[in-house]
Amino acid sequence: MDASTGLPGRPESSLSPGRPEFTERMEAARALDAGALAALLSDPDPRTTARLAAAADETMRAEVGDAVRFRGLLEFSNVCRADCLYCGIRRSNGTVHRYTLSRDDVLAAARHCVEAGYGSLTLQAGERRDAAFIDYVCRLLESIKTETRGPALPDGLGITLSVGEQSPEVYRRFFEAGAHRYLLRIETSSPELYARIHPPAQRYADRRAALHAVRDAGFQVGTGVMIGLAGQTVWDLADDIRFFAIEGVDMIGMGPYLPHASTPMGSGQHMSDDERAQLLDRTLRMIALTRIVLRDVNIAATTALQTLDAFGRERALQGGANVVMPVVTPVAMRSGYQLYDGKACVDEDPTMCAGCITGRVAWTGRPVEANRWGDAPHFARRKQG
Ligand code: SAH
């Protein structure tokens, strides 16, 4: 009871900012304690989000600097042999108009990245394993490398590739052809949850083996998860962060799971405003904690976050993220790469995206690192050690 007001005393959260418990839990989280990670993710005190963001920002500035790195994101094909139960471009979704960009379109997008000062390009597509596709990707990589060399980029654009699970031999070919980073999200580190969101033919063990093969081929390795899957607990998310740390990955891209109406998981799903706010909060805490625990990696503020909240990407940049991926896919194809409903920026062309994203990053007060590949320091340290 508060003596001055006669009202019951305000309940103190065990994790109020400034209280020793918060600092202790942060230290335990850094040591990969699952209980501490889960407690920080689920603490009901809303101030915990800001507190984690501040700690993540401090870690980011000390470990990777304050500059924001850009990668132009080119979604060059939506043809896919996989059938992920959450994804709008899954093989079984017959409502999608399938496309694969021509070599000329890919090179034009790459040149746009150079002109915009992005320094790096991310090539993403659905998954195909046939020889024609693999050869096509290898030729694209070689052409982008030779055709984007210039005074600003003597070694051409940095290239991140993201075309799903491939054989160790194919990963080696992609690396030799000029890609030097590879993104393959584990989607969730829980084998049980993974099995619930994929058909039986897509096995967790294969995804994990592919991630190791990516690393063995010499790539800088990126992975990540979706946040807010049905049945996913804070313990699963705590394990996701532990997974990133144990695997020693160099880059993280993670975002909220958003329903797509033409998928088994998304049909009939609708998120209320409250649910969206909670999902945003949880995603921001995941990003901040991942920075606090992994320290010197690159962490992306993703398009899915931007779709969930108009300022989602900016909030991520203010709480641990240091990479932004402006979409450079030609506007005519964008609606064909709808992984989830309501995807941000589908009606905008690459020039509009360049202006918009530059303004948004300027708003956060962070400098931009132009004309650089912007590799994570973690990779250089991993190679030395
Ligand atoms: N074929 C590549 C690229 C997949 S698309 C691969 O297999 O890696 C890139 C990412 O989009 C996926 O890894 C997944 O995490 C995310 N994604 C797909 N559907 C989504 C949805 N409904 N909501 C949020 N993210 C989704």
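It should be noted that the structure appears before, not after, this text.
Residues numbered from 1 in each chain as written. Predicted model: local features only at pLDDT ≥ 70, side-chain atom pairs only at ≥ 80, totals over all residues. Heavy atoms only, no water.

## Considerations on the packing of helix α3 (residues 47-63) against helix α10 (residues 273-294)
So, point 1. Packing of α3 against α10 leaves a shortest axis separation of 8 Å and a crossing angle of 35 degrees. Considering how the two elements wind past one another, α3 and α10 form a crossing that is left-handed. Each of T48, T49, L52, A53, A55, A56, T59 and M60 in α3 lies in contact with α10, whose residues at this interface are D281, L284, R285, A288, L289, R291 and I292.
So, point 2. Grouping the amino acids of the contact of α3 with α10 by side-chain chemistry returns nine nonpolar, three polar and three charged. (Axes fitted to C-alpha atoms, helices over the stretch in contact; angles between N-to-C directions. Helix = DSSP H or I, 4+ residues; strand = E, 2+ residues; numbered from the N terminus. Left-handed = near helix turned anticlockwise from the far one by under 90°. Contact = heavy atoms within 4.5 Å. Nonpolar A, V, L, I, M, F, W, Y, C, P; charged D, E, K, R; others polar.)

## Quick look at the site of the ligand
So, point 1. Near the ligand, the surroundings consist of 19 residues, among which Y86, A125, R185, E187 and L258 are the closest.
So, point 2. For the ligand, an oxygen atom lies 3.3 Å from a polar atom in the side chain of R207.
So, point 3. Between the ligand and L258, the relevant distance is 2.7 Å, taken from a nitrogen atom to a main-chain nitrogen or oxygen of the residue.
So, point 4. Across the complex, the protein chains shield 92% of the 550 Å² of accessible surface that the ligand would expose by itself.
So, point 5. The residue makeup of the shell around the ligand, split by class, is eleven nonpolar, four polar and four charged. (Near = heavy atom within 4 Å. Polar contact = N/O pair within 3.5 Å; in protein donor to acceptor, adjacent residues only side chain to side chain. Areas by Shrake-Rupley, 256 points an atom, 1.4 Å probe, with all protein chains shown as cover.)

## Points about the side chain of D57
So, point 1. Checked against the element boundaries, D57 lands in helix α3.
So, point 2. Once residues lying within four places of it in the same chain are set aside, the contact partners of D57 are L317, Q318 and G320.

## Focus: the nonpolar core
So, point 1. F76, L123, Y171 and F174 are the most contacted members of the largest nonpolar core, which totals 108 residues.
So, point 2. Residue contributions to this core peak at ten residues, all from α10.
So, point 3. F76 has contacts with Y99, T100, L101, V106, L123, Q124, A125, F133, V137, L140 and V163, leaving out every residue within four places of it along the chain. (Core = buried A, V, L, I, M, F, W, Y, C linked by side-chain atoms within 4.5 Å. Buried < 20%, exposed > 50% of the residue type's maximum accessible area, 1.4 Å probe, protein only.)

## Quick look at the environment of G319
So, point 1. Note on placement: G319 falls in the loop between α12 (312-317) and β11 (323-324).
So, point 2. Along the chain, G319 and I287 lie 32 residues apart, while their C-alpha atoms are 7.1 Å from each other.
So, point 3. Setting aside residues up to four positions removed in sequence, G319 forms contacts with A53, A56, I287 and A288.

## Re α10
So, point 1. Along its 22 residues, α10 runs 31 Å from first to last C-alpha, staying within 8% of the 32 Å computed at 1.5 Å per residue.
So, point 2. One or two positions beyond α10, positive phi appears at R295, with a value near 65 degrees. (Expected span 1.5 Å × (residues − 1).)

## A short note on the pairing of strand β2 (residues 72-77)
So, point 1. Here β2 lies mainly inside the structure; six of its six residues are buried.
So, point 2. Pairing geometry for β2 and strand β3 (residues 120-125), over five bridges, is parallel. Opposite E75, over in β3, you have Q124 as the bridge partner.
So, point 3. In this fold, the crossover linking β2 to β3 by way of helix α4 (residues 103-116) has right-handed handedness. (Pairing = 2+ DSSP bridges. Right-handed = clockwise from strand over helix to strand, strands pointing away.)

## Observations regarding helix α14 (residues 350-364)
What sets the pattern is the α-helix's 3.6 residues per turn: residues three or four places apart point alike.
So, point 1. With 15 residues, α14 should cover 21 Å at 1.5 Å per step; its first-to-last C-alpha distance of 21 Å lies within 8% of that length.
So, point 2. Along α14, the residues classified as buried are P350, C353, A354, I357, V361 and T364. Buried residues in α14, looked at end-on, bunch into an arc of 100 degrees, giving them a common side. Opposite the buried face of α14, at more than 90 degrees from it, the exposed residues are T351, A362 and W363.
So, point 3. Looking at the buried positions of α14, the neighbouring elements they touch are β1 (68-70), α4, α12, β11, α13 (331-334) and β12 (368-369).
So, point 4. Among the residues of α14, the N-terminal cap falls to D349, whose side-chain oxygen and the backbone nitrogen of T351 are separated by 3.0 Å.
So, point 5. Of the residues trailing α14, G365 is marked for its positive phi of about 80 degrees. (Arc of directions from axis to C-beta.)

## Details of the side chain of T364
So, point 1. Relative to the helices and strands, T364 resides in helix α14.
So, point 2. For T364, a relative accessible area of 14% corresponds to the buried category.
So, point 3. At a separation of 2.6 Å, a polar atom in the side chain of T364 contacts the main-chain carbonyl oxygen of V361.
So, point 4. Setting aside residues up to four positions removed in sequence, T364 forms contacts with E314, L317 and Q318.

## Section: the packing of helix α5 (residues 131-147) against helix α6 (residues 168-177)
So, point 1. Between α5 and α6, whose axes approach to 8 Å, the crossing angle comes to 20 degrees. The orientation of α5 relative to α6 falls into the category roughly parallel. Crossing of α5 over α6 shows right-handed handedness. For the pair α5 and α6, contact is made by I134, D135, V137, C138, L141, E142 and K145 and by V170, R173, F174 and A177, respectively.
So, point 2. Looking at the contact of α5 with α6 residue by residue, the class counts come to seven nonpolar, no polar and four charged. (Parallel < 35°, antiparallel > 145°, perpendicular 65-115°, else oblique.)

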